[in-house]
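Descriptive analysis of the structure
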Amino acid sequence: MNYSNHCLPKTHFLKVPTFHPFFKFNPFPYTNYASNRTHTLSFTINCSLKNVGKKDLLSRKIVLSEAPPPPLTQDNDAPSTSKEKKGPSGLFKKLSKRVLQILSNLPLAIGEMFTIAFLMGLGTFIEQGETPEFYFQHYPEDHPVLGFFTWRWIFFLGFDHMYSAPIFLGMLVLLAASLMACTYTTQLPLIKVSKRWSFMHSAEVIRKQEFSEALPRASIQDVGTILMGAGYEVFLKGPTLYAFRGLAGRLAPVGVHIALLLIMAGGTLSAAGSFKGSVNVPQGLNFVVGDVLGPTGFLSSPTDAFNTEVHVNRFSMDYYESGEVSQFRTDLSLLNMDGKEVMRKTISVNDPLRYEGITIYQTDWSISTLQVLKDKEGPFNLAVAPLKINGDKKLYGTFLPVGDVNSPNVKGISMLARDLQSIVLYDTEGKFAGVRRPNSNLPINIDGSEIVIVDAIGSSGLDLKTDPGVPVVYAGFGALMLTTCISYLSHSQIWALQDGTTVVIGGKTNRAKLEFPDEMNLLLDKIPEIVESSSLSKQS
């Protein structure tokens, strides 16, 4: 490309095609603008103008344009020559603009987030999903919490199911509306402005930027080449230049807003569209998934998987050396409507079973039945009931009648168990008789009766749920982490103007403001000086 300036009659410009991939300079005096020392330096520059590892090499080019750049002002900001439309359409536009202005208010959005955080904290303080009797007992009217908070407030505001309560979902909707309004009114216009070419035709305006410098005896084409090699998108129009880098940093805030909307949408779907249920199933019995699960909100919709039948094949427990329970497991089989096994897995705490959107967790255990032999007869299945004791320890008991079972004062042998390892037996007078392990086949004589503990059958406590919002929430958090990192990328803009023999260059960035001047100085040090023809003849 040949570029001439009538103000430089004796200036030698490099006559090299701008888009040629390789070019060489002949030896000529070179000035380093950082040191202001002149010396003769012979060198060759090989400029590949490609960014290794990136596919879109075509974007790394200097764009020459003879047409004026797109306007920097937004269409809706331009002065209107016609009167505003009156009537319903004009009123609607005015009202919608006012609503967007209110929703995009930053203090309002911050207040919404604090309110949601407060409600979430309150939801962890107030027990969720309990029976009405529980709230009557813990939040009575005669002893209100904080002097006013009773069970009436809990039921009126829906705080017994906080995360699907209208007040909580309403705050989520309001925050989502604020994020969308902010994106529409603030972020998208910033992106549109950032993508437009914005040439500056005044040296004084360029010098007012955060960083500015004047390069005597330099070519604006050389400036564009150096900037393009540093990863900038470069645009040239006559004696003016505009370059930018890091547009993704401008796009990131929109991505953050979208990620937050995904998280809130997933949370709402989980709260209002899930199914939950609990069941305690003895070993060897079955249950149907749909009979256990109950909807949590108005968006809950059952699926064909609700017809699946679950069979408890076996329940087992592991113990520490001290005798305490360390882990409990349940071997489950899933059967379709034809009775065919479609899946089998042994679940434990923190290792659930997942099938077609249904998750089955191992959460609890109990003892359902004791099998005993009495005087070599049986075995008899004795139902076991939980006994209330202080603390978190579990205790189960049963009773084996002895003598006339129809007597109003029937007596018998009492049996107590804390787990499936051992059974403690008491005689008809309530005195300690001994301890036996299930499956030991070791008999014990109590009041003339020979008792053998054949087996202790456990019961598995299972929690079932469907949560369609989980994938949406995970996607939202993944997008939030990614876009948050991208938002730290600097969006840098550089302007330059060929002013006679001097190139005036300036720039600004939205981040890394301390590093930006150092980066610019390193780039400017690479720009060669253009010398007069007479100087070249003297050197030769």
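The model shown is predicted, which means the values in this text are computed figures rather than measured ones.

**A short note on the pairing of strand β12 (residues 341-348)**
Sheet topology places strand β11 (residues 325-335) next to β12; 7 bridges connect them, and they run antiparallel. Directly across from leucine 332, in β12, lies its bridge partner lysine 345. Hairpin connection, β11 to β12: the antiparallel pair is bridged by 5 residues, and glycine 339 has positive phi, about 80°.

**Here's the deal with the environment of leucine 215**
Mapped onto the elements, leucine 215 comes out in strand β4 (residues 211-216). Residues leucine 215 and threonine 502, 287 residues apart in the sequence, show an inter-C-alpha distance of 5.4 Å.

**Remarks on the UniProt feature "transmembrane region" (unreviewed entry) in the chain**
The feature "transmembrane region" (unreviewed entry), as annotated in UniProt, sits at residues 102-126, 163-186 and 254-275 in this numbering. Measuring from the first to the last C-alpha atom of residues 163-186 gives 31 Å, for a span that is 88% helix and 0% strand. End C-alpha to end C-alpha, residues 254-275 measures 33 Å, and it is 86% helix and 5% strand.

**Some thoughts on unusual backbone geometry**
Note: most peptide bonds trans; most residues except glycine with negative phi. Backbone torsion omega between glycine 378 and proline 379 reads 10°, so that peptide bond is classified as cis. Non-glycine residue arginine 217 carries a positive phi angle of around 55°. Locating arginine 217 in the fold gives a position in the loop between β4 and α7 (220-229). Given the relative accessible area of 41%, arginine 217 is considered partly exposed. Positive phi, normally seen in glycine, also occurs at lysine 376, with a value near 65°. Within the element layout of this structure, lysine 376 appears in the loop between β14 (358-374) and β15 (377-383). Note on lysine 376: relative accessible area 73%, which makes it exposed.

**Points about the sheet that holds β11**
What links the strands of a sheet is backbone hydrogen bonding, and the strands pair in either a parallel or an antiparallel sense. If you trace the 4 strands from one edge of the open sheet to the other, you get β8-β10-β11-β12, paired in antiparallel fashion. Since the sheet does not close on itself, it has two edges, and those belong to β8 (286-288) and β12, each with one partner. Across this sheet, the average inter-strand angle for adjacent strands is 25°, counted without regard to direction. As judged from the 3 bridges shared by β8 and strand β10 (residues 309-319), these two strands associate in the antiparallel manner. When the sheet's bridge partners are listed, asparagine 286 is paired in β10 with histidine 311.

**Looking at the packing of helix α8 (residues 248-272) against helix α10 (residues 470-486)**
Where α8 meets α10, the axes come as close as 7 Å, and the angle between the chain directions of the two elements is 160°. One element, α8, and the other, α10, form an angle in the roughly antiparallel class. Regarding α8 and α10, the two cross each other, and that crossing is left-handed. Facing Ala248, Gly249, Ala252, Gly255, Val256, Ala259, Leu260, Leu262, Ile263, Gly266, Gly267 and Ser270 of α8, the residues of α10 in contact are Val470, Val472, Val473, Gly476, Phe477, Ala479, Leu480, Thr483, Thr484 and Ile486. Broken down by class, the residue content of the contact of α8 with α10 amounts to 14 nonpolar, 8 polar and no charged.

Definitions and cut-offs
- Residues numbered from 1 in each chain as written.
- Predicted model: local features only at pLDDT ≥ 70, side-chain atom pairs only at ≥ 80, totals over all residues.
- Heavy atoms only, no water.
- Pairing = 2+ DSSP bridges.
- Helix = DSSP H or I, 4+ residues; strand = E, 2+ residues; numbered from the N terminus.
- UniProt positions renumbered as here; feature names shortened; annotations may be inferred.
- Buried < 20%, exposed > 50% of the residue type's maximum accessible area, 1.4 Å probe, protein only.
- Axes fitted to C-alpha atoms, helices over the stretch in contact; angles between N-to-C directions.
- Parallel < 35°, antiparallel > 145°, perpendicular 65-115°, else oblique.
- Left-handed = near helix turned anticlockwise from the far one by under 90°.
- Contact = heavy atoms within 4.5 Å.
- Nonpolar A, V, L, I, M, F, W, Y, C, P; charged D, E, K, R; others polar.

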